Amino acid sequence: MAIPGRGRAHPSSDTSAAHARDSRPHRHPGFWPDPAGFDPRRFLPGGAADTATRHRYAFIPFGGGRRACIGASFAELETVLVLATMARRFRLELTARGMPPPRAQVTLRPGRGLPMRLRHR
Ligand code: HEM
């Protein structure tokens, strides 16, 4: 299968819907209002990222199609638990100045790390 913008073939399946290792759909103005903004409220019911209404491949951190991540539900649950456990005990403060430059890998990451200070609550 030709991958738009990449010109490579997927070796294992013609029907794997999303093997593009970038965040283009996640910043696409056709899917998201203010596509570059940080707005977790998108994920609330009725928001642009509401699973009930969004395009099924508009948000694909776990891939999509037949080869989508089998650990997605576990990973989402674990992430919430880890963050809630940490946030209950510590206040996290960014020590770097300004916005970290993004680096596109399998997922979009802060280019020079994300130095934080943890303060006990
Ligand atoms: C935040 C955590 C995670 C992210 C962002 C992530 C992301 C991904 C992505 C992008 C793919 C490729 C999907 C595709 O080819 O379309 C994948 C595949 C896979 N993931 Fe994850 N994953 C995560 C956690 C996990 C966990 C916790 C497990 C196991 C418990 C897991 C098991 C797998 C497996 C087995 C595949 C291969 C599925 C296949 O090729 O049929 N992942 N993951």
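Residues numbered from 1 in each chain as written. Predicted model: local features only at pLDDT ≥ 70, side-chain atom pairs only at ≥ 80, totals over all residues.

**Structural notes on the overall build of the chain**
Now for step 1: Helix and strand content of the chain: one helix and four strands.
Now for step 2: When the helices and strands of the chain are placed in sequence order, the string is α-β-β-β-β.
Now for step 3: A buried classification covers 1% of the 121 residues belonging to the chain.
Now for step 4: Considering only intrachain contacts with a sequence separation of at least 6, the fraction spanning at least 24 residues in the chain is 45%. (Helix = DSSP H or I, 4+ residues; strand = E, 2+ residues; numbered from the N terminus. Buried ≥ 20, exposed ≤ 12 C-beta atoms within 10 Å, placed from the backbone. Contact = placed C-beta atoms within 7 Å.)

**Points about the pairing of strand β1 (residues 90-94)**
Now for step 1: Burial within β1 is sparse, with just zero of its five residues counted as buried.
Now for step 2: By the bridge criterion, five bridges tie β1 to strand β4 (residues 116-120) in an arrangement that is antiparallel. Paired with Arg-91 across the two strands is Arg-119, which belongs to β4. (Pairing = 2+ DSSP bridges.)

**As for the site of the ligand**
Now for step 1: In the vicinity of the ligand lie 16 residues, with Gly-63, Arg-67, Cys-69, Gly-71 and Ala-75 positioned nearest.
Now for step 2: For the shell around the ligand, the residue count by class is eight nonpolar, seven polar and one charged. (Near = placed C-beta within 6 Å. Nonpolar A, V, L, I, M, F, W, Y, C, P; charged D, E, K, R; others polar.)

**Some words on unusual backbone geometry**
Now for step 1: Positive phi, close to 50 degrees, is recorded for Asp-34, a residue that is not glycine.
Now for step 2: You can see Asp-34 is positioned in the segment before α1 (72-89).
Now for step 3: A residue is classified by how many C-beta atoms lie within 10 Å of it, and Asp-34, with 10 of them, is exposed.

**What to know about the confidence of the model for the chain**
Now for step 1: For the chain, the mean per-residue pLDDT works out to 83, and 81% of the residues sit at or above 70.
Now for step 2: Note on residues 1-20: pLDDT is under 50 here. Beyond four places in sequence and across chains, it has 28 contacts. (pLDDT = per-residue confidence, 0-100.)

**Quick word on the environment of Arg-54**
Now for step 1: Secondary-structure assignment places Arg-54 in the segment before α1.
Now for step 2: Remark: the alpha-carbon pair of Arg-54 and Phe-31, spanning 23 residues in sequence, is separated by 7.9 Å.
Now for step 3: When near neighbours in sequence (up to four residues on either side) are disregarded, Arg-54 contacts Ala-48, Ala-49 and Phe-59.

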